[in-house]
Amino acid sequence: MRVSLNWLKEYIDIDYSPEVLAHMLTMSGLEVEGIEPVGQSLDNIIVARIVSVAKHPNADRLTNCLVDTGKEQVPVVCGAPNVMEGAKVAMALPGITLPGGIVVKKGKIRGEPSMGILLAEDEIGLTDDHSGIMILPDDSETGASLTSIFPVKDYILDISLTPNRPDCASVIGLAREIAALNGNAIRMPDIQYQEAGAPIDELAGVTIEDTSGCPRYAAGMIQGVEIRTSPFWMRYRLHSSGIRAISNVVDISNYVLMEMGQPLHTFDYRMLSGHRIVVARAKDGDRFATLDGQERILNSRHLMIRDVEKPVALAGIMGGINSEIKADTRDVLVESAFFDPITIRKGAKTLGLATEASWRFERGIDIEGVINALERSLSLLAELTGGKVCRGIIDIYPSPHKTPLIELRVKKTNEYLGTSLTREQISPYLRSLQMEVQDIDYELLRVKPPSFRVDIEREIDLIEEVARMHGYDKIPVTFPMMSSDAGADDPTIKLHDQSCAVMTGMGFSEIITYSFVSPDSADKLGAGEDSLLRSFVQLQNPLTVDQSVMRTSILPGLLDTIKENIDNGEQGLRLFEWGNIFVRRDNAPLPVEKIVLAGIMTGQYEQKAWYNTVRETDFFDIKGAAEVLLKSLGYKETVFKRDGITTGYDQDASCGIYISDRCIGHLGRVASAVMERFDIKAKAAFIFEVDIDALAEKELEPIMKYAPFSRFPAVKRDLTVIVAEETESSLIRDVISREGGNLIESVAVFDVFKGEKIGANRKTVSLRIMYRSMEGTLDGNRINKLHERITKSIMNETGGTLSEG
Amino acid sequence: MAPFVQSNGASILEDLFIILHSQNMKEQLIKIQKQAEREIDSISSLEGLETFRIQYLGKKGHVTSALKKLGELPPEERPEIGEMANSVKAEISLMLERAKNRLKSGEIKKEYIDITLQGRAPARGRLHPIDIVNREICDIFVKMGYRIVQGPNVELDYYNFEALNFPKDHPARDMQDTFYVSEGVVLRTHTSPMQVRVMEKQQPPVGIIAPGKVYRSDSDVSHTPMFHQVEGLLVDKGITFGDLKGTLTGFVHQMFGKDVALRFRPSFFPFTEPSAEVDIQCVICHGKGCRTCGNSGWIEILGAGMVDPAVYGFVNYDPEIYSGFAFGMGIERVAMLKYGIDDIQLFFRNDMRFLRQFY
Ligand SMILES: [Zn+2]
């Protein structure tokens, strides 16, 4: 909320600088987000008198004025329609910088000399009025500074209000809060007017059909108003609060809204059929044109103000065109009411309409302040419109508000805050906030909050007020005794820390991409019609289509990221992401949410340096990374199998990752069609994905344990076989471990060769077998026999031959 | 190349000669060995080595000469000194052997290593700055005794709002621009739902820290539609607002430095009362006022407060027995302050030129 400091000072003495006041308010919970000086350069603007007005020879809309600056008479060209001989006006002489930053220069306008500018209110930075130049009172002294007439050097405080403090959404509300802080008394505005018109009961009536939507409705009337521009002081204050001035009647209701926090509405009395106000719900499909010119389609959730024939206002939100104040309006009915917060909120939400009024009604206004605000507006109407206020007011208030009585325990307060306050300290804090405090005994207070404090209902609400008034900074700093939390640790936390360490150790950098993606990401991955990748969780209100569904795969983010980085000139990339994927379930409100870890490699394996020859990343780089990762996490028995079920991967160069026959991930080369659809300018990219939630399951949990090792020497035997190209090395390994049993310490493939010499579709595989026994030194003959048997079995089962060489 | 030993050979020999004529043979042998050790490293050619060999082990070399003098000693001392002389001879032979290996390549007079060349670097990946800061924050609380918990990103309205005392159709819901999924389902707007999820499963004491992704429909230089938060909760008997101040003071001092001031000021969150915003003294200008802190000298960093009794109502805790506090902070904001990052969008563009700057 924006509020003028000078306006505030009308209700309370403030002896502090704007900065100190801002600090005090901030530290009491009303955060001041800005202090904006106003009228700081008014000293330089002078009062000038228009001596004569003549037509500009070259422009119809301009006039040549001769102006008395108090020192001399100078020519000024002016474009305002309201120049007038003899008028006192605001003028800026050459060399002056205006609040908007414009520097005034002497010069010629369309050939005619001009020695300054006659100013409109907006050019001085006072209001947003640009309808004409600012006309000053006739008795203003020519040549004097503008500050001699308008001491408007002011500051606008921009205060951020929390939703629990609607009572501060007014100048008087803020003054009350300042009063609690500085102890000064509040000066309430003078409400004085003559009831010179006819009795209101004879002119109008009010019926509330929906008393839960409208617990209180009051109305007053004024007859014979003259619609005109409001005085400068009122327009200035409205402008400082960000409200556009319109005309006296409308401005007055906005002024009282800002002053007291009570939204008011004014109706043109002659437009109210039957001269009766009826508060009732709309019917589904009703149409109604609001003041902003829009036709709204209503439903039964909307509370309406009607006359006997038609709706005339959306209660608490906005008035209607059909009863608005017009230039020829003479008789005005003023509404001051309390509408149910939830009803107003639902209504405003469904219409997508938020106004100063609805904002306040939603949060809760002071139901006991309704009449005061009505009378304040009648008083201002009497003063500024020339009309006659009707006798009496209407006030329909079937079940008056009951203020709660709340018990506050001194001991509880101290236990909660960690303070040692006494009853004698607590009571004044609450009284300063206009609460009635009754001492029951040393330990107990009975408190009645004022009706405007709609946020105070419970003991805890009072404890907060005590803390606030005492000052959070005065509450002692202590440290809690920590008892250990009884819950179980989430195993994925440890996996995260370990995985990140291993991945970064292998040169992969961590990325974080948005959890929402474009729905076409499934198409880009090449997902089939029934693929789970299409089971998107859809956002109802996405910011863009590209962020409209929750990702079902972590790959799109990785692929987009390498695309961007390659386009930026990166030669080789290794990235990983740890994040959730989301798969919609039709039988449950929440989707399946899984943590996935994925790595991607592309381009040069390493940077060119003096010690290396650069090569391209290939399949075995990503496989190696996945193997090292899983081993480092303790998963020793990992199996890699072609399973052909991996969307987005090249089927010839990809496989599933299995632990205990359970598929826990995939790895391989990204399909070239996918590379194209993601527009990745690289020859190839390689990916692995691991399902972390699966790894974290109890039955897969690795156990770190010592096993005794043999102290006897090993025997090394090499073996080269020629086999068909499709023979997988794992088959040969399986034979070796089956035949060799626990005498096999390790098997390593140390060479694979294909070439003409070997023959088409064949390859040689060279293996090194290490034999070792736990029981003793191995006998050479025994190993030779075993090695021979193993060799034979390999030949038999692979159909291969032993290589000569 | 004129080896060092040759240019100085004469004077050394003189010294040794004097030594050999002195009475204490043991000492002399030790000196010979030490002298050899000093010289051997500065020899940079095979010729130099040969000279060295002749000087020490040759027929007229120092060691040989010493051995020859054995006869001059009393018989009872001869075995001991003899053994020692042989061991010195062996040591020097070994030195020669090592030096020969060192100079094996023959041509290299002196090995030159350009120690300014880049080392053979194993690949090195970086953690994302958000992860770095997240770890730092969590570690501080884990050391205090908090347990890390995680929960779903797509969340029930019940956990995200209702059980946190944001009633339906309450303006407090406007504080957060929510992404809606379906009736009763949202993308969580904060990690606070974990408070309720944990409390409904266990009785106090509860001490948890909940990091994670959160979502709000807002995007500009200081907002991204997804960002990260850490939420903390402590509920037990006798927990006070003073304890909250102490805990967060300890946190800020560890995270930003012992001399960083902080202040607590009243605020409003539906699930805490009293509620506070916690500001730290601006780490850029140290409180003098700058662009980052909007000239106030303070930067808002945490939201916190005592758990509102209304929340206990949803999880069946007795507010007459237990009390507690909760706090939350945005990780991006902390990271931006710590590293001087001025555009939050950078975190999610994953540009290597950005990521490489963190380690
Ligand atoms: Zn600063």
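Residues numbered from 1 in each chain as written. Chains lettered and ligands numbered in written order. Predicted model: local features only at pLDDT ≥ 70, side-chain atom pairs only at ≥ 80, totals over all residues. Heavy atoms only, no water.

A count of helices and strands for chain A gives 21 helices and 39 strands. Compactness check: chain A gives a C-alpha radius of gyration of 41 Å against a globular reference of 28 Å for 805 residues, more than 25% above the reference. Structurally, chain A occupies a C-alpha span of about 130 × 85 × 55 Å along its principal axes. Counting every position in chain A, which comprises 805 residues, the buried fraction comes to 53%. For chain A, the accessible area works out to roughly 37,000 Å², and carbon and sulfur atoms hold 49% of it. In chain A, which carries 89 positive and 116 negative side-chain charges, the distance between the mean positions of the two groups comes to 4 Å. (Helix = DSSP H or I, 4+ residues; strand = E, 2+ residues; numbered from the N terminus. Rg over C-alpha atoms; globule rule 2.2 N^0.38 Å. Buried < 20%, exposed > 50% of the residue type's maximum accessible area, 1.4 Å probe, protein only. Areas by Shrake-Rupley, 256 points an atom, 1.4 Å probe, with all protein chains shown as cover. Lys, Arg positive; Asp, Glu negative; His and termini not counted. Charge placed at Lys NZ, Arg CZ, Asp CG, Glu CD.)

What follows concerns the nonpolar core. In summary, soluble globular proteins display a tendency toward joint burial of nonpolar side chains. The biggest cluster of nonpolar side chains holds 154 residues, and the ones touching the most others in it are Leu559(A), Leu695(A) and Ile137(B). In terms of nonpolar packing, the next biggest core, distinct from the first, is built from 90 residues, Leu161(A), Val279(A), Leu333(A) and Ala373(A) among them. (Core = buried A, V, L, I, M, F, W, Y, C linked by side-chain atoms within 4.5 Å.)

This part takes up the domain arrangement of chain B. As far as domains go, chain B holds domain 1 (2–111) and domain 2 (129–358). Using C-alpha coordinates to define each centre, domain 1 of chain B is positioned 75 Å away from domain 2 of chain B. (Domains from an automatic or database assignment.)

A few words now on the sheet that holds strand E20 (residues 318–319) of chain A. All names here are of chain A. Read from one edge of the open sheet, five strands run E12-E15-E18-E19-E20, paired in mixed fashion. Either end of the sheet is taken by a strand with one partner, and the two such strands are strand E12 (205–208) and E20. Note that strand E18 (residues 303–306) and strand E19 (residues 311–314) share three bridges and pair antiparallel. Directly across from Met-304, in E19, lies its bridge partner Leu-314. (Pairing = 2+ DSSP bridges.)

With that out of the way, let us pick up the pattern of salt bridges. Residue and element names in this part refer to chain A. This structure, assessed with the given rule, holds 69 salt bridges over all chains. One salt bridge connects Glu-407 with Arg-446, and the closest N-O pair in it is separated by 2.9 Å. Here Glu-407, found in strand E24 (residues 406–409), pairs with Arg-446, found in strand E26 (residues 444–448); they are 39 residues apart in sequence, far enough to count as distant. Assessed through its relative accessible area of 40%, Glu-407 is described here as partly exposed. Note that Lys-754 is salt-bridged to Glu-725, the shortest N-O span being 3.4 Å. On the criterion of sequence distance, the pair formed by Lys-754 in the loop between strand E37 (744–753) and strand E38 (762–771) and Glu-725 in the loop between strand E36 (715–724) and helix H20 (729–740) is long-range, its members being 29 residues apart. The class of Glu-725 is partly exposed, set by a relative accessible area of 32%. Here the residues in one salt-bridge network are Arg-165, Asp-167, Glu-177, Arg-453, Asp-455, Glu-465 and Arg-468, joined through shared partners. (Salt bridge = Lys/Arg side-chain N within 4 Å of Asp/Glu carboxyl O.)

A few words now on the coordination of the zinc ion. Six octahedral donors around a metal ideally sit at 90 or 180 degrees from one another, while four tetrahedral donors ideally sit at 109.5 degrees. Residue and element names in this part refer to chain B. Within the protein, the zinc ion binds to Cys-282 (SG), Cys-285 (SG), Cys-290 (SG) and Cys-293 (SG); these donor distances fall in the range 2.2 to 2.3 Å. Around the zinc ion, the four donor atoms are arranged such that angles at the metal cover 102 to 114°; this shape is classified as tetrahedral. Sequence spacing of the donor residues for the zinc ion, all on one chain, is C-x2-C-x4-C-x2-C. Judged by its relative accessible area of 16%, Cys-290 is buried. (Donors = N, O, S within 2.8 Å, 3.2 Å for Na, K, Ca; no water. Tetrahedral: all angles 85-135°; square planar, octahedral: opposite > 155°, others 65-115°.)

Facing 92 residues of chain A, the contacting portion of chain B comprises 97 residues. On the surface where chain A and chain B come into contact, there are eight salt bridges. Arg458(A) is the partner of Asp308(B) in a salt bridge, and the nearest nitrogen-oxygen pair spans 2.8 Å. Taken together, the links from chain A to chain B amount to 40 residue pairs in polar contact (both at pLDDT 80 or more). When the residues that make up the side of chain A that touches chain B are grouped by side-chain class, the tally is 40 nonpolar, 28 polar and 24 charged. (Contact = heavy atoms within 4.5 Å. Polar contact = N/O pair within 3.5 Å; in protein donor to acceptor, adjacent residues only side chain to side chain. Nonpolar A, V, L, I, M, F, W, Y, C, P; charged D, E, K, R; others polar.)

We now examine the packing of aromatic side chains. Evaluation of the coordinates by the stated rule reveals 28 aromatic pairs over all chains. Ring plane angle 85° and centroid distance 5.6 Å describe the contact between Trp233(A) and Tyr255(A), whose orientation is recorded as edge-to-face. Taken together, the residues Trp233(A) in helix H6 (residues 232–240) and Tyr255(A) in helix H7 (residues 248–260) connect sequence positions 22 residues apart. Put simply, the rings of Tyr514(A), Phe516(A), Phe179(B), Tyr215(B), Tyr339(B), Phe347(B), Phe348(B), Phe354(B) and Phe358(B) pair up and form one aromatic cluster. In this structure, Arg176(A) packs its charged tip against the face of Phe452(A), placed 3.5 Å from the ring centre. The residue whose ring lies beneath Arg615(A) is Tyr605(A), and the NZ or CZ to ring-centre distance is 4.1 Å. (Phe/Tyr/Trp six-rings, centres within 6.5 Å; stacked < 30°, edge-to-face > 60°. Lys NZ or Arg CZ within 6 Å of the ring centre and 35° of its normal.)

Residue and element names in this part refer to chain A. There is about 1,800 Å³ of room inside the second largest pocket. Around the second largest pocket, the lining comprises 37 residues; the ones closest to its centre are Lys-623, Glu-627, Ser-729, Ser-730 and Arg-733. Of all the secondary structure elements, the ones that give two or more residues to the lining of the second largest pocket are helix H17 (619–632), strand E32 (638–641), strand E33 (649–659), H20, E37 and E38. The residue makeup of the lining of the second largest pocket, split by class, is twelve nonpolar, eight polar and 17 charged. (1 Å grid on protein atoms, 1.4 Å probe; cavity = no way out; pocket = protein on both sides within 12 Å on 5 of 7 lines; lining within 4 Å. Points joined across faces, edges and corners; volume = space filled by probe spheres on them.)

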